[in-house]
Amino acid sequence: MTEATRTHPLVVWVINDGKPGHVNQSLGLAEALARASPTDIRTFPALAPWRAWLAWLSKRAPHGKEPRPDLIVGAGHATHLTLLALRRARGGRAVVLMKPSLPRRAFDLCIIPEHDGVEPDAHTLVTEGALNRIRPPALRTTETATRGLLLIGGVSTHFTWDSDAILLQIQSITARTPAIQWTLTTSRRTPEDFLAQLPKTAPNLTVVPHTATPPDWLPAQLARCDNVWVTPDSASMVFEALTAGADVGVFDLPVNPKSRVAWAIARLADAGRVTRFTAWCAQETPYPALRRKTNPPLAEADRCAAWILDWLGAKH
């Protein structure tokens, strides 16, 4: 069966492990599939491990009255057993969006970020970063050119956090770009005393703590801003900003040399997709700009959706 002969919408079950970042990845793929083909998206919570094992053994699972899935999609280790149990009970193909803790051959398809160090094959697609739901705006304007975002992460295993260094870099960015109105937000990992140390005199800086941001706040902001600076520990936000088509700068932090995330950020800088703070400072102009990218915005969710539809077509 091909897309041209499909008689019903593609039914996609998204498994929710309760972590917004993981659900964001799965919905990013599901929504990309919906842009490419009529798709019915249903979201269900991950089963507790004992319930997943029971469902797998009995070949019985919840959601019996729901339409049978064509695809069951999940990100996060807590979704793995649920994916396999629901596939055994209800059919469909299990798609995992990460390097799984179970053998890859247990799943029909694996979509894995490049920094996880897995080689692609007929059932594995390697992506630039994790998938997301971001879409580039239809038009960039003079207004978006004068707006910017500062996305601040925090303590991680990939970089050594240094609040003083980040504060100095923020001060430099706001002082050297007086024509840009910057909005800064934090994350759950940001040290509690960080905001109290921010310079209070920058007239072009507005602070919105992560506790004051609703779920759709970041996509809306990315659609309004041409300029985005991100701390490198927030790799998912780096890739979201690139997907939005923004010009992206990365703050400098000491690197854990064993970190694959740090390796991924370095590859982006080497490819000219992001600008490091030190390189930005080296520009000999009064108001240095982030490098205008020659590359188009990332569209990894759409690329994955096309790959899956081609694979399903080949199977039929």
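The rules behind each value
- Residues numbered from 1 in each chain as written.
- Predicted model: local features only at pLDDT ≥ 70, side-chain atom pairs only at ≥ 80, totals over all residues.
- Heavy atoms only, no water.
- Pairing = 2+ DSSP bridges.
- Helix = DSSP H or I, 4+ residues; strand = E, 2+ residues; numbered from the N terminus.
- Axes fitted to C-alpha atoms, helices over the stretch in contact; angles between N-to-C directions.
- Contact = heavy atoms within 4.5 Å.
- Patch = residues over 30% accessible without salt bridge, like charges linked within 9 Å, V, L, I, M, F, W, Y side chains within 5 Å.
- Areas by Shrake-Rupley, 256 points an atom, 1.4 Å probe, with all protein chains shown as cover.
- Salt bridge = Lys/Arg side-chain N within 4 Å of Asp/Glu carboxyl O.
- Buried < 20%, exposed > 50% of the residue type's maximum accessible area, 1.4 Å probe, protein only.
- Right-handed = clockwise from strand over helix to strand, strands pointing away.
- Core = buried A, V, L, I, M, F, W, Y, C linked by side-chain atoms within 4.5 Å.

Asker: Looking at this model, I keep getting lost on the sheet that holds strand 1 (residues 10-16). Mind explaining?
Answerer: Spatial ordering of the open sheet is given by 2-1-3-4-5-6, a layout of six strands whose pairing is parallel. Unpaired on one side and paired on the other, strand 2 (39-45) and strand 6 (124-127) mark the two borders of the sheet. Taking the axes of each pair of neighbouring strands and ignoring which way they run, one obtains an average angle of 20° across the sheet. Its contacts with the sheet place helix 1 (residues 20-36) against strand 1, strand 2, strand 3 (71-74), strand 4 (93-96) and strand 5 (109-113), and it is angled at close to 165° to strand 2.

Asker: I'm lost on a nonpolar patch on the surface in this one. Help?
Answerer: A cluster of nonpolar side chains, W53, W56 and L57, forms an exposed patch at the surface whose accessible area comes to about 350 Å². Structurally, L57 is set in helix 2 (residues 49-58).

Asker: Just to check I follow, could you spell out the pairing of strand 8 (residues 181-185) for this structure?
Answerer: It is a general feature of regular strands that their side chains alternate between the two faces of the sheet. Of all five residues making up strand 8, four are buried, and the element is well covered by its neighbours. For the handedness criterion, the β-α-β arrangement of strand 7 (residues 147-151), helix 5 (residues 163-176) and strand 8 is classed as right-handed. Summarising the sheet, strand 8 and strand 9 (residues 205-208) pair through four bridges and their orientation is parallel. Of the residues in strand 9, the one forming a bridge with T183 is T206.

Asker: In this structure, what is going on with the sheet that holds strand 8? I would like to understand it.
Answerer: Strand pairing in a sheet takes place through backbone hydrogen bonds and is either antiparallel or parallel in direction. An order of 9-8-7-10-11-12 is seen for the six strands of this open sheet, with the pairing classed as parallel. Looking at strand neighbours, the two that pair on one side only are strand 9 and strand 12 (274-276), the edges of this open sheet. Across the sheet, the mean angle from the axis of one strand to that of its neighbour is 25°, orientation sign disregarded. Where strand 7 and strand 10 (residues 227-230) come together, four bridges link them in parallel fashion. Bridge assignment links L151 to a residue of strand 10, and that residue is V230. Against the sheet, helix 7 (residues 235-243) touches strand 7, strand 10, strand 11 (247-250) and strand 12, its axis set at about 170° to strand 10.

Asker: What exactly am I supposed to notice about the nonpolar core here?
Answerer: Nonpolar side chains in soluble globular proteins generally cluster together in the buried interior. If you look at the biggest cluster of nonpolar residues, it comprises 26 residues, and the most contacted ones within it are L29, L33, L71, V95, I111 and I308. Elements supplying a minimum of two residues to this core: strand 1, helix 1, strand 3, strand 5 and helix 10 (300-315). The residues contacting V95, other than those within four sequence positions of it, are L29, L71, I72, V73, G74, L83, L109, I111 and I308.

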